[in-house]
Amino acid sequence: MQKNHIVIVGAGPVGVVSALACAQRGFKVTLLEAEDRIDTSPRAATTHSSTLEMIAKVGLIDRFTREGLVARYFDFWDQPSRSRIARFDHEILKDETEFPYVVQTEQHKLARMGIDKLAEYPDASMRFSTRLTALDQDDSGVTVTVQGPDGEERIRADYVIASDGGRSTVRKLLEIPFEGITFPEKFVVITVFDDFEKMMDCCFRNYLADPQEWGNLFKVSGEDGKARWRAVFPSREDETEEEALGDEAVFRRLQKIHPLPGGYDIAHRNVYRVHQRVAATFRSGRVFLAGDSAHLNNPIGGLGLNSGIHDAMELSETLFDVAFEGADAALLDRYERRRRQLNIEFVQQQTIANKKRLEEQDPDKRKLALDELRITAEDSVKHKQFLMRSSLIESVRKSKSMA
């Protein structure tokens, strides 16, 4: 008996978790990656409680936690005065989740450990240097055309999951609009070896409100066991990438967080465009969009990757119900109904609000926003409500109630 076959395009963390979840549910899986290796550039690193539950379901939680950093708290700071406004404590969620904390693990590590585990499944294959160039679907399946090391090939599948990023080839081939905005400023990421926790008595996750130049500051475990700190800033709209990454600008931005006269030990520097976009549809017949191919958002709050993992788990469950449990194919529409609405309601709205809160320039509005954070953190009911939403636990629970 031939197994239901799913082709997954893109071996970032969302594609890998999709592949693993589908393989564990009994599908034949082919995971395609256009590049010859996993992208290890600094990207998402914060994994929330709701997503840790999902990582546990696919059998990766022990290694994932071991290779990362457990972060119970996160702080909001008034950067001009270098004073802490509010501290939020995930321990307040201990009765709601097995994981009342976040784990700081770089996203390429999740992809790497998922690929290692995928090798345990004989009907799952990982193919690097294999780029999708075309697809055609009919009532019974999808044919994808790929260009690989041995030339052009056509692969027949029952379904295709596109997790091939913000520039998704699949989304473009399907001519699905990617609605939203691109911010005029870019985001500057500077990674250092210096220990901000010791220097400024901060926790592992910090949001720095500043009307002139806000910042994010968080700790990651690093590749070699030597932890690193990442700082994120907005560029000026007229600032070139060369200027933003130059020694003078990097020195100035880091000194603004915490003065270190001798300068910082720089591990990495990068600049990138930031978007708030949602695909007009997450499904076209037997082809589904997941992760960045379906939605993009600014990284403040660490929600983008988490939402993508939620896509992967929702989709694997829905496909299983149709392919193996006899559910009507109409159930496939539920994936879009749930995931598109919840991304807009929880991820897009929250990340836009997070950015606005940090960059607010109007003195009265800024004071109100910071006072609200302080009041929320000091009230146990509001504190918990804030974390239920920011951790996406509320989103997951709402998803289950949506037909």
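In the block above lies the structure referred to throughout.
The notes below deal with the structure included here.

Observations concerning the overall build of the protein
On a plain count of helices and strands, the protein comes out with 13 helices and 22 strands. Taken against the 2.2 N^0.38 rule, which gives 22 Å for 403 residues, the C-alpha radius of gyration of the protein at 21 Å falls within 12% of a compact globule. Seen along its three principal axes, the alpha-carbon backbone of the protein occupies a region of about 65 × 45 × 40 Å. Relative to its full complement of 403 residues, the protein shows a buried share of 57%. Looking at the protein alone, contacts between residues at least 24 apart form 72% of all its contacts between residues at least 6 apart. Accessible area for the protein stands at about 17400 Å²; split by element, carbon and sulfur atoms hold 47% of it.

Topic: the sheet that holds strand E3 (residues 46-47)
One open sheet holds the 3 strands; their spatial order is E3-E7-E4, and the pairing between them is antiparallel. The two strands at the open ends of the sheet, each matched to only one other strand, are E3 and strand E4 (69-71). In this sheet, strand E7 (residues 102-104) lies alongside E4 in antiparallel orientation, the contact comprising 3 bridges. Pairing of Val70 across the sheet is with Val103, part of E7.

Details of the layout of surface pockets
Approximately 330 Å³ is the volume found for the second largest pocket. Considering the residues around the second largest pocket, the lining is formed by 17 residues, among which Met54, Lys57, Met313, Glu317 and Lys400 are closest to the centre. Breaking the lining of the second largest pocket down by element, the ones donating at least two residues are helix H1 (13-24), helix H2 (49-57), helix H9 (304-323) and helix H13 (393-400). Of the residues that constitute the lining of the second largest pocket, the class distribution is 5 nonpolar, 5 polar and 7 charged.

Focus: helix H10 (residues 332-359)
Compared with an ideal rise of 1.5 Å per residue, which puts 28 residues at 40 Å, H10 spans 40 Å between its outermost C-alpha atoms and is within 8% of the ideal. At Asn343, H10 shows its maximal kink, close to 35°.

As for the side chain of Ser18
Within the secondary structure, Ser18 is located in helix H1. A polar contact of 2.8 Å, which involves the side chain of Ser18, links it to the backbone oxygen of Val14. Setting aside residues no more than four positions away along its own chain, Ser18 makes contact with Ile8, Ile161 and Ala312.

Some points on the side chain of Ser391
Tracing the backbone shows Ser391 in the loop between helix H12 (380-390) and H13. At 2.7 Å, the side chain of Ser391 and the backbone oxygen of Leu387 are in polar contact. Here Ser391 is in contact with His48, Ser49, Ser50 and Leu93, once residues within four sequence places are set aside.

Regarding empty space enclosed by the protein
Taken as a whole and judged by the stated rule, the model has 1 cavity of 30 Å³ or more. For the largest cavity, the calculated volume is near 40 Å³. Contributing to the lining of the largest cavity are Gln79, Leu208, Glu213, Trp214, Gly215, Phe233, Lys256 and Ile257. Tallied by class, residues from the lining of the largest cavity come to 4 nonpolar, 2 polar and 2 charged.

Digging into the packing of aromatic side chains
Applying the stated criterion to the full structure yields 18 aromatic pairs. Measuring from ring centre to ring centre gives 5.3 Å for Phe74 and Phe88, while their planes differ by 20°; the resulting arrangement is stacked. In this pair, Phe74 sits in strand E5 (residues 73-78) while Phe88 sits in strand E6 (residues 83-89), placing the two residues 14 residues apart along the sequence. Comparing Phe74 with Phe88 shows no difference in burial state: the two are buried.

Describing the packing of H1 against helix H4 (residues 107-118)
How two helices pack is summed up by the angle between their axes together with the distance between the axes. Between H1 and H4, whose axes approach to 8 Å, the crossing angle comes to 25°. By the angle between their axes, H1 is roughly parallel relative to H4. Note that H1 runs across H4; the crossing there is left-handed. The segment H1 lies against H4, with Pro13, Val16, Val17, Ala19, Leu20, Ala23 and Gln24 engaging Gln107, Leu110, Ala111, Gly114, Ile115, Lys117 and Leu118.

As for the pattern of salt bridges
Under the criterion given, the structure shown has 42 salt bridges. One connected set of salt bridges, linked through shared partners, spans Glu213, Arg236, Asp238, Glu239, Glu243, Arg252 and Arg253.

Focus: unusual backbone geometry
We note that Glu175 has phi near 55°; this positive angle belongs to a residue other than glycine. With respect to the helices and strands, the residue Glu175 is situated in the loop between helix H5 (169-173) and strand E13 (178-182). Phi angles above zero are rare outside glycine, and Asp201 is one such case at about 55°. Within the secondary structure, Asp201 sits in the loop between helix H6 (196-200) and strand E15 (205-209).

Concerning the nonpolar core
Val144 and Leu319 are the most contacted members of the largest nonpolar core, which totals 67 residues. If sequence neighbours within four positions are ignored, Leu319 has contacts with Ile6, Phe27, Tyr159, Ile161, Phe288 and Leu332. Counting 25 residues, the second largest nonpolar core, distinct from the first, contains Val189, Ala377, Leu387 and Ile393.

Each value, and the rule that gives it
Residues numbered from 1 in each chain as written. Predicted model: local features only at pLDDT ≥ 70, side-chain atom pairs only at ≥ 80, totals over all residues. Heavy atoms only, no water. Helix = DSSP H or I, 4+ residues; strand = E, 2+ residues; numbered from the N terminus. Rg over C-alpha atoms; globule rule 2.2 N^0.38 Å. Buried < 20%, exposed > 50% of the residue type's maximum accessible area, 1.4 Å probe, protein only. Contact = heavy atoms within 4.5 Å. Areas by Shrake-Rupley, 256 points an atom, 1.4 Å probe, with all protein chains shown as cover. Pairing = 2+ DSSP bridges. 1 Å grid on protein atoms, 1.4 Å probe; cavity = no way out; pocket = protein on both sides within 12 Å on 5 of 7 lines; lining within 4 Å. Points joined across faces, edges and corners; volume = space filled by probe spheres on them. Nonpolar A, V, L, I, M, F, W, Y, C, P; charged D, E, K, R; others polar. Expected span 1.5 Å × (residues − 1). Bend = angle between axes of the 7 residues up to and from the residue. Polar contact = N/O pair within 3.5 Å; in protein donor to acceptor, adjacent residues only side chain to side chain. Phe/Tyr/Trp six-rings, centres within 6.5 Å; stacked < 30°, edge-to-face > 60°. Axes fitted to C-alpha atoms, helices over the stretch in contact; angles between N-to-C directions. Parallel < 35°, antiparallel > 145°, perpendicular 65-115°, else oblique. Left-handed = near helix turned anticlockwise from the far one by under 90°. Salt bridge = Lys/Arg side-chain N within 4 Å of Asp/Glu carboxyl O. Core = buried A, V, L, I, M, F, W, Y, C linked by side-chain atoms within 4.5 Å.

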